[in-house]
Amino acid sequence: MEKKIVIIGGVAGGASVAARVRRLDENAEIIMFEKGPHVSFSNCSLPYHLSGIVENSEQLVLINPDIFKQRYNIQAKVNQEVITINRDQKTITVKDLIADETYEETYDKLVLSSGAKPIKPNLEGIDNDNVFTIRNVVDIENVSNFIKQKDLKDIAVVGGGFIGVEVAENLKLAGHNVSLVEFANQVMAPYDYDMAQILHKEMVDNGIELILDDGLTKIEDGYIETSSEKRIKADAVVLAIGVRPETTLAEESGLEIGGTGAIKVDHNYLTNDKDIYAVGDAIEVHHRLLHKPTRLALAGPAQKQARAAADHMYGISNRNQGVIGSSSIKLFDLNAASTGLNVTTAEQAGISHDSVYVMPADKVGLMPDSNPMHFKLVYEYPTGRILGAQAIGKGNVDKRIDIIATMLTMNGTLEDLKDLELSYSPMLGTAKDVVNHAALVALNQLEGRYQEVKVSEVRGLVENNAFIIDAREKGEFESGHLKHAVNIPLSEFRNRLDEIPTNEPVYVHCRSGQRSYNMVIALNNLGYTNIYNISGSYLGINLYEYFNDLVTGREKIVTAYNFN
């Protein structure tokens, strides 16, 4: 007997279920219903239409209904809103939004891929015609057309997550005056505060007005107002403050909703109805590292869930390993990627942990496009089990984070990562890769071979006149240094040991941490017990301090910034 598979919603989840079912069963009747005009589009690429990187919005549409039918014999019905699930009858009620008519459709198996909807707070002016959210191709067309037709200059973006940051970047690339307002004290929550400062600098260096620790309170004609009573010019406003799982149909039909507010599913993505599956942004998933339900609005996991759900319909087993939250983003000249837990989430979860922050070159230094890669590795203490990582730089940060993501799924440790054999070419990397380097430093820290302080602690050290050694050469020191620091280069310190005190803590830095690390180890071997390496060194300190110095006007702890 032929199966009839009905799918509510398309894009990464629904369309992937349909495609997998067809590969498993040539005789199945497959019908997808989509409320909007496009059933398959690249939602992660939507912001890039605003800058013209994706020149024509139709390029965002991946497959139209005709192609679904011709190539895969799948019925993709657009502008059709499913308004009711009749579980006892195994039917759905559908409203044709063009004909304004309703009809019934039966199913053997039903899949919910309803996604998530943008959050719109109940604020004055929130429903003005110049206020937009972004969820689909129609939304991005509306934003783009409104701005172009009215020749607008000043745009405010509210929210500093993936969508907000990408929208702000692309609007700036299109030549607009862009302000980004974020309620938290940083953009991009997957990154720890110290790493986020690198992103903050990149944004302000490229002309984005970045307003943090401030929330939207009101939208007026030509302005928005924040909780600090700041008025910001805004001819148009893009809201990107987060999303909420679209669970209306599920709730109204009696499907179980989990503690996260998303649809509860089992390891095969089956709801509490044995004939109804759910996948994508609307469901809650198991977090592999936190061992609890969570929500994760990412395309990659949605596609894997879709395949697993389709397989289960046909008796194919699925090993559900949970999620770890791997993601990446490009921001002007920087690439950033992260996976697993950061320090903040590890602390919130009560996991004993530590971290290292290193910045080796992303490829051999004599290559013309060699650049520092800022890499932060988080591990469990005292086991050395890897918990997560973040990487930011101009090079292949995603490669390094994908390595860590693989280690996470294998319960890898620092010892495993230290010995991991990776490919090498001077044009592509270094013989001891960034991830190997981070593991070695973390092992030295874990095993007590050396001590370090985090870059976030340096301001306090300077303000309290701690003894800080700058291990760079004299010319480097003179181009900018920490106030009160003493310049004792690595090339000279063995002849200047009498200048290094033994009765108080001594903190050492260089430019990127390599020379200072060598000095710390050497001093430890000479019997010093009070020596600390400064994580991040001078480049990391500059990046950490710069944005807050800029926006607060506070006294700098450096004589001059140096980002080279």
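Just so you know, these numbers come straight off a predicted model, no measurement behind them. (Residues numbered from 1 in each chain as written. Predicted model: local features only at pLDDT ≥ 70, side-chain atom pairs only at ≥ 80, totals over all residues. Heavy atoms only, no water.)

Caption draft 1: Geometry of helix α2 (residues 65-72). Two or three places before Asp-66, at the opening of α2, Asn-64 has a side-chain oxygen 3.1 Å from that residue's backbone nitrogen. Asn-73 sits one or two positions beyond α2 and adopts a positive phi of about 55°. (Polar contact = N/O pair within 3.5 Å; in protein donor to acceptor, adjacent residues only side chain to side chain. Helix = DSSP H or I, 4+ residues; strand = E, 2+ residues; numbered from the N terminus.)

Caption draft 2: Region of interest: the packing of helix α1 (residues 11-24) against helix α7 (residues 299-313). For the pair α1 and α7, interaxial distance at closest approach is 8 Å and the crossing angle is 35°. The element α1 and its partner α7 pack so that their crossing is right-handed. Taking contact as the criterion, the partners of Ala-12, Gly-13, Ser-16, Val-17, Arg-20, Val-21, Arg-23 and Leu-24 in α1 are, on α7, Ala-299, Ala-302, Gln-303, Ala-306, Arg-307, Ala-310, Asp-311 and Met-313. Within the contact of α1 with α7, the residues separate by chemical class into nine nonpolar, three polar and four charged. (Axes fitted to C-alpha atoms, helices over the stretch in contact; angles between N-to-C directions. Left-handed = near helix turned anticlockwise from the far one by under 90°. Contact = heavy atoms within 4.5 Å. Nonpolar A, V, L, I, M, F, W, Y, C, P; charged D, E, K, R; others polar.)

Caption draft 3: How the structure looks around the pairing of strand β3 (residues 75-78). Of the two faces of β3, the one holding Ala-76 and Val-78 is buried and the one holding Gln-75 and Lys-77 is not buried anywhere. Where strand β2 (residues 29-34) and β3 come together, four bridges link them in parallel fashion. Across the sheet, residue Met-32 finds its bridge partner in β3, namely Ala-76. (Buried < 20%, exposed > 50% of the residue type's maximum accessible area, 1.4 Å probe, protein only. Pairing = 2+ DSSP bridges.)

Caption draft 4: Quick peek at helix α9 (residues 397-409). For α9, spanning 13 residues, the distance from its first C-alpha to its last is 19 Å, which sits close to the expected 18 Å at 1.5 Å a residue. For α9, the full list of buried residues reads Val-397, Arg-400, Ile-401, Ile-403, Ile-404, Ala-405, Met-407 and Leu-408. For α9, the secondary structure elements touched by its buried residues are β22 (334-340), β24 (373-380), β25 (386-393), α10 (414-418) and α11 (434-446). Directly beyond the C-terminal end of α9, a positive phi value near 55° is found at Asn-411. (Expected span 1.5 Å × (residues − 1).)

Caption draft 5: Local environment of the nonpolar core. Grouped together as the largest cluster of nonpolar side chains are 66 residues, with contacts concentrated most on Leu-180, Val-187, Ile-468 and Leu-482. It is helix α15 (residues 537-552) that contributes the most residues to this core, seven residues altogether. Within the second largest apolar cluster, 51 residues are counted, among which are Ile-401, Ala-442, Phe-493 and Met-519. (Core = buried A, V, L, I, M, F, W, Y, C linked by side-chain atoms within 4.5 Å.)

Caption draft 6: Quick peek at unusual backbone geometry. With omega at 10°, the peptide bond leading from Tyr-381 into Pro-382 counts as cis. Here Pro-382 lies in the loop between β24 and β25. Not every positive phi belongs to a glycine, and Asn-73 is a case in point at roughly 55°. Here Asn-73 shows up in the loop between α2 and β3. Given a relative accessible area of 35%, Asn-73 falls into the partly exposed group. The phi dihedral of His-291 falls on the positive side, at around 55°, and the residue is not glycine. Relative to the assigned elements, His-291 resides in the loop between β19 (285-287) and β20 (292-294). Assessed through its relative accessible area of 56%, His-291 is described here as exposed.

Caption draft 7: Representation of the sheet that holds strand β21 (residues 327-331) in the model. Within the open sheet, the five strands sit side by side as β21-β22-β25-β24-β23. Their pairing is antiparallel. Edge strands, defined here as strands with exactly one partner in the open sheet, are β21 and β23 (353-358). For this sheet, the mean inter-axis angle between neighbouring strands, taken without regard to orientation, is 10°. Pairing geometry for β23 and β24, over six bridges, is antiparallel. Paired with Asp-354 across the two strands is Tyr-379, which belongs to β24.

Caption draft 8: Region of interest: the pattern of salt bridges. Counted according to the given criterion, the structure contains 34 salt bridges. Between Glu-81 and Lys-35 there is a salt bridge, and its shortest N-O distance comes to 3.8 Å. With a gap of 46 residues between them, Glu-81 in strand β4 (residues 80-86) and Lys-35 in the loop between β2 and α2 connect regions that are remote in the sequence. Across the pair Glu-545 and Arg-554 runs a salt bridge whose closest N-O atoms are separated by 2.8 Å. Residue Arg-554 is classed as partly exposed on the basis of its relative accessible area of 29%. One network of salt bridges, in which partners are shared, links Arg-459, Glu-463, Glu-545, Asp-549 and Arg-554. (Salt bridge = Lys/Arg side-chain N within 4 Å of Asp/Glu carboxyl O.)

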